[in-house]
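# Coordinates in review
The lines below spell out each chain.
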Amino acid sequence: MLRGLGELESTIMDWMWARRRSASVREVLEGLRQERTIAYTTVMTVMDNLHKKGLLKRQPVGRAYVYEPIASKEAYTAELMRKALAGSDNQAATLVHFLERLTPEEAAALEAALQVFPNRGGRA
């Protein structure tokens, strides 16, 4: 079964994606503390786990690390979608169910994406 990020992992990744530059555990902690009470060691552990999962890269700076997302949020989401489709026994039916559930805004975004995506099937 496909598994996404946990609640705190998602919160940290969203914070990192919005920041668009590297950050230390302390900086992430200070950002998260504006909305919740959380311990330094909790943030450090979750960021280490995100590094081990291949979502954050890190570099040592002094006695700490600074972290940066490996891919954009859009690239991460696209990979989740691709893996979900690949895990289906009937990819055509899965796509039909997906399309049935699109909002008008999502359908418009899909149509726009298909206009810029190169034709890979050789059909016009």
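To be clear, the structure that these remarks concern was listed above.
Residues numbered from 1 in each chain as written. Predicted model: local features only at pLDDT ≥ 70, side-chain atom pairs only at ≥ 80, totals over all residues. Heavy atoms only, no water.

### Looking at the overall build of the chain
Our working definition: By definition, any uninterrupted DSSP run of H or I lasting at least four residues is a helix, any uninterrupted run of E lasting at least two residues is a strand, and each is numbered from the N terminus. The reference for a compact globule is 2.2 Å times residues^0.38; the radius of gyration itself is calculated from the C-alpha atoms. The rule is simple: take the accessible area with a 1.4 Å probe, protein chains only, and divide by the maximum for that residue type; under 20% is buried, over 50% is exposed, in between is partly exposed. Residue contacts are defined here by distance: any two heavy atoms, one from each residue, within 4.5 Å place the two residues in contact. Only the protein chains shown count as cover for residues, with accessible areas throughout obtained via the Shrake-Rupley method and a probe of 1.4 Å. The charge count treats Lys and Arg as positive and Asp and Glu as negative. His and the chain ends do not count. In this description, the location of a charge corresponds to atom NZ of lysine, CZ of arginine, CG of aspartate or CD of glutamate.
The helix and strand inventory of the chain stands at six helices and three strands. Taking 14 Å as the expected radius of gyration for a compact globule of 124 residues, we find that the chain reaches 18 Å, considerably beyond that expectation. Residue burial in the chain is summarised as follows: out of 124 residues, 23% are buried. At a minimum sequence separation of 6, the contacts of the chain that also span at least 24 residues come to 46%. For the chain, the exposed surface amounts to about 9,300 Å²; the carbon and sulfur share of it is 54%. Between the centroid of the 18 positive side chains of the chain and the centroid of its 15 negative side chains there is a distance of 8 Å.

### Comments concerning the pattern of salt bridges
To be explicit about the condition: Take a side-chain nitrogen of Lys or Arg and a carboxyl oxygen of Asp or Glu: if they are within 4 Å of each other, that pair is a salt bridge.
Under the defined criterion, the tally for this structure stands at eight salt bridges. Among the salt bridges present, the one from Arg36 reaches Glu7, with a minimum N-O distance of 2.7 Å. Here Arg36 is found in the loop between α2 (25–32) and α3 (40–52), whereas its partner Glu7 is found in helix α1 (residues 7–19), with 29 residues between them in sequence. Where Arg19 meets Glu27, a salt bridge forms, and the shortest distance between an N and an O atom there is 3.2 Å. Salt bridges sharing partners connect three or more residues here, namely Asp48, Lys52 and Arg58.

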